[in-house]
Every structure is written in structure tokens, then in C-alpha cells.
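Okay, here's what each chain looks like letter by letter:
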Amino acid sequence: MSDQTYPSFLDAERIPSAHTNEINSGIAWRPTPAYLDRSRLRAFMERLNLTDFDELLNRAARSPEWFWDEAVRDLGIEFYTPFEQVLDTSRGWEWATWFRRAKYNYVHDALDKHAAGEHTDRIALVYEGEDGTVRSYTYAQLHAEVCRVANGLRALGLKEGDRVGLFMPFIPEVAIAMLAVGKVGAVFTPIFSGYAAPAVASRLIDCEARMLITADGFTRRGKPVAMKEVADHAADAAPTVERVVVARRLGAEVPWNLQRDVWWDDLTREQSDECDTIRTDAEHLYMVIYTSGTTGRPKGAQHVHCGFPIKGAQDMAHCFDVQPGDVMFWYTDIGWMMGPWVIGGTLMLGATLFMYDGTPDYPEPDRIWTMVERHGITHLGISPTAIRALMGHGDSWVERHDMSTLMFLGSTGEPWNPDPWQWYFEKVGGGRSPIINYSGGTEISGGILCCNPLLPIKPASFNAPVPGMAADVVDERGNPVRGLVGELAIRAPWPGITRGFWRDPERYVDAYFS
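A brief report on the enclosed structure follows.

Criteria and thresholds
- Residues numbered from 1 in each chain as written.
- Predicted model: local features only at pLDDT ≥ 70, side-chain atom pairs only at ≥ 80, totals over all residues.
- Heavy atoms only, no water.
- Helix = DSSP H or I, 4+ residues; strand = E, 2+ residues; numbered from the N terminus.
- Rg over C-alpha atoms; globule rule 2.2 N^0.38 Å.
- Buried < 20%, exposed > 50% of the residue type's maximum accessible area, 1.4 Å probe, protein only.
- Contact = heavy atoms within 4.5 Å.
- Areas by Shrake-Rupley, 256 points an atom, 1.4 Å probe, with all protein chains shown as cover.
- Lys, Arg positive; Asp, Glu negative; His and termini not counted.
- Charge placed at Lys NZ, Arg CZ, Asp CG, Glu CD.
- Salt bridge = Lys/Arg side-chain N within 4 Å of Asp/Glu carboxyl O.
- Axes fitted to C-alpha atoms, helices over the stretch in contact; angles between N-to-C directions.
- Parallel < 35°, antiparallel > 145°, perpendicular 65-115°, else oblique.
- Left-handed = near helix turned anticlockwise from the far one by under 90°.
- Nonpolar A, V, L, I, M, F, W, Y, C, P; charged D, E, K, R; others polar.

1. Things to note about the overall build of the chain
Here is step 1 of the chain: Of the regular secondary structure elements, the chain holds 17 helices and 22 strands.
Here is step 2 of the chain: Since a compact globule built from 514 residues should have a radius of gyration of about 24 Å, the 22 Å found for the chain is in line with a globular shape.
Here is step 3 of the chain: C-alpha extents for the chain along the principal axes are approximately 70 × 60 × 45 Å.
Here is step 4 of the chain: Counting all 514 residues of the chain, 61% fall into the buried class.
Here is step 5 of the chain: When contacts within the chain are restricted to residue pairs at least 6 apart in sequence, those whose partners lie at least 24 apart make up 72%.
Here is step 6 of the chain: Accessible surface computed for the chain: about 19,100 Å², of which carbon and sulfur atoms make up 49%.
Here is step 7 of the chain: For the chain, the distance from the average site of its 49 positive side-chain charges to the average site of its 68 negative ones is 2 Å.

Shown next, in the form of C-alpha cells:
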């Protein structure tokens, strides 16, 4: 696929020395023996008999088939029917398909196998609301609730391939709904919880959603925010929406359409807590996620079961080193790709997903740090903008809390500037925890560039491509450049590549390949 050779990201002098704060030399963090010993990426390389990280990158760029065959083994992906071919580029790699003729549903790896296996009593999901409400589910409990919702959705007439809008705050019900929709082979569309009705409606109309799942409302800074009313206006404008399922979050009185609306509790009350997972094809759609604003026709990036979930889990494993027993908290919304990413990836790796529905500095500026301490969070992902805001409240709000459980700090969505990066590193992570800077996109299913804990990290930087991503920097003629400003490019396909835009293949090719 690619004859690319990477510059040396790793050399004998830089690995593995003890952590020192070497800002003057440009290195802020170096991997310690503890990080190297626990590293999933290091163990993966050892199983492949590779001792050099550059060799892994180069070999993966030359042979994506080899890399992803090994990666799905490393992740413990369980196919219902084995694949006959790793990669098919017969239609060009913009239309690459993966794991040909496999039967696979990511819900099996995210939930079913854990609930029936050694993780059955492990905490799968912990939730804290802005009002202080805390709920938790073991893998067995989460599986039972997902099955009840899946059976309820089927009873409402949801079929394989139908689209369902998820317009919800970041509460357990949105994760449960996402998994339930996947379990029955339907397709979810995540919608930002702060959108007005026209933006919600445009997505429901474009993907021809049959159902919308929403909530009665939520709070921000202690004040109620109407959500059901927005959902009603959106559903009224979307002629394909037949039913609206409403989860109780506020317990508020809301307008009600007897022909269309159903309470979440009523949906699940009489349902069995067992439900077979549909054995979908590898390339079966599982999500349509929109990437544009409210003007013009939105772009619905199509993602499949053997695409986005596998890429997300692999990024979590090889960049963020997420493992069973870890507690992953990414401050996000379901409408941003990081919402589906953190739900699916965390659960597929058998770790604990932490969800928060609220603002990061309410009722006090230490809300995030309080939750880290209270819930033993090991992985914290938050945007540079949020860090800039929290930094402005002063150091004392962080210093009053025990942050020692934090092993990894994450960030994505925008560039850093040095001072907030340094504050996050020193004050939040104590100079011990690496900041895994992560950049990719909705159409990518995760990252192109990242940091990983095998390599030294410089402030506000990336230290490598994500393993399996044939990243390059090119000039205006497509020639590789180093030491100069260029365009970030990808030289070979990967499973997470979008399968085009919903019912608009020409727009997809024009946008990325023309």
C-alpha cells in the first residue's frame, strides 16, 4: 500500500529512562518502568517480535492487512463467523472494506462476552449527574438493561437497518440506547444535546430516522433545560419519525403526544432481560454521525460494526493503554464523536466507563477534580478550552484533592498553547501522568496522530502517528516533506475510514479524494 518510511521516533538514548521534567531539553515526560511494564502496545510489539516502534509503524504502513489482522487478535475481537479476507480495495481504497464475509456485532465485544464471562461483576458504568446523583452498573446489570431496551424497541417495530436518533444528555440511558440499537442491528445517529430543533430535525430528516430517543430535560448550572420540547419540534418536522422514547432525567412535566411518545420506563417494564444480538455483516452500518453545522445539507459519515468500534478500541488500547480495571472519563457529549468513541471503546476493553452530565466547574471550580478523587478515575480526557477555563480559577482547587489515581491525561479537538498544557501536566497530573494528545476526526473513527506512553513527550505535541495509520506530511504536489509546513495525509486505508456520506457518495469522493 505504502512505501513510506518514518523518521526515527524512538532511539536508544530516549528509551527507557526514568521520568524527569526536562523542559529545557524539550522533553516534559519520559516513560518509567511502571508505564513500560503495563503497556499494551509494548506487549503487542513483543508478541510480534518487534523491538523498534518505527519498525511497527513502517510495516503497518506497508501492509495494513498484516497490521489489522494482528490488531484484532490483540484486542480479543470475537467474530461470530471468521473473516475470509482482511482488506478488499477492489473499488479503490476510498471504498475499502474490511474483514470480508465476517459476521460481527460490536455489542458482543462491548457487553455480551463480559456479562457472561469473568467481568460479569465488574463495574461497567458509573454515572454522576450535575445534581450529585450517582448510579452504577456491573456488566451483568448493564447487559440486562440493554436487553430490556432492545426488546422494547423491537416491540415498537424497530427493525435491522432502521435509523434511530439519540438526542440525549450524557446519562447512562444514552449509552444503554446506543448499545440496544446496535444489538438489534439498527443504526443510531448521535445528536448534540445543545442543538435547537432545526439542527436536530435536519439530521433526523436526512437519515430518515424511524425513532427518536430523548429525555424530559437536564440541568446546567442547576437550571432546568427543556429537551423534550425541542425533540417534539424536531420530530414534528421529520415525517419519518414514528415514535419518540423519553427517558426521565428531571422528572418534569412535559408535553405529550399519546400516538407518538412512550416513556423509557414503560418501554422496558415488561421486557425480558435476555435478548440475542443480531449477527450482522462486518460492513453493516452501526452509526451515521453528522459532521457539519446547521446550514446546508448535513454530511452523514457512515460507520460500520467492523470499523469505528474496532478503530476506537485499538486507539484506546495502543495510545491510552486502557485496560480492565481502569476508569475512563472523557468530558464529552453524545453528539461529538468522542461520545460513541468512549462508550464503545471503554466497554470493548473491559474497563469502567465514567459518565458526567453537567458543567466542569459547577457548583464549584473543583467539580472535575472532586469526581477524579471520588471515583478513582485513571484516565481523564478534557479539551484545552476547558483546561484554560479551569486554570483561571487557580491552583488551590486542584491541590485540595487526591489525584493520585490518574495515570493518563487526554486531550483532543483543538491545539494546545504551552501554559495550559503545562498546568494540566503539572497541577492535574502531578508531572507523573503523560498527556496523550490525540487528533483525528469523525470520518477517521479516532486518531491519526497521538502520543503514546512508549515514547518521550514534548509539551503541546504529538510523539507519533497512531499505530496502523500511514500518516505523512506532504507538499502541494503530494511529496513527503520533513522540517517544513505541509498537509497531513494518510497513505493507506484503515478499518475506521467512513464508508462515505449517507446517500451522497459523490460528495464524499469530492471532499477527500478529488
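2. Structural notes on the pattern of salt bridges
Here is step 1 of the chain: Applying the stated criterion to the full structure yields 36 salt bridges.
Here is step 2 of the chain: Across the salt bridge formed by D261 and K228, the nearest N and O atoms sit 2.8 Å from each other. Of this pair, D261 sits in strand 11 (residues 261-263) while K228 sits in helix 9 (residues 228-237), and the two are 33 residues apart along the sequence. Each of the two residues, D261 as well as K228, counts as buried.
Here is step 3 of the chain: Here E399 ties to K427 by a salt bridge, and the two come within 3.7 Å at their closest N and O atoms. Residue E399 is found in helix 15 (residues 396-399), and its partner K427 is found in helix 16 (residues 418-428); the two are separated by 28 residues along the sequence.
Here is step 4 of the chain: Given a relative accessible area of 53%, E399 falls into the exposed group.
Here is step 5 of the chain: Overall, K427 belongs to the partly exposed group, its relative accessible area being 33%.

3. A closer look at the environment of R40
Here is step 1 of the chain: Tracing the sequence through the fold places R40 in helix 2 (residues 40-47).
Here is step 2 of the chain: Placed 235 residues apart in sequence, R40 and C275 show a C-alpha to C-alpha distance of 33 Å.

4. Here we look at the packing of helix 8 (residues 197-207) against helix 9
Here is step 1 of the chain: Axis separation between helix 8 and helix 9 bottoms out at 8 Å; the angle between their running directions is 40°. Here helix 8 lies oblique to helix 9, going by the angle between them. The chirality of how helix 8 crosses helix 9 is right-handed. Residue-level contacts link A197, V200, A201, L204 and I205 of helix 8 to V230, H233, A234 and A237 of helix 9.
Here is step 2 of the chain: Tallied by class, the residues present in the contact of helix 8 with helix 9 amount to eight nonpolar, one polar and no charged.

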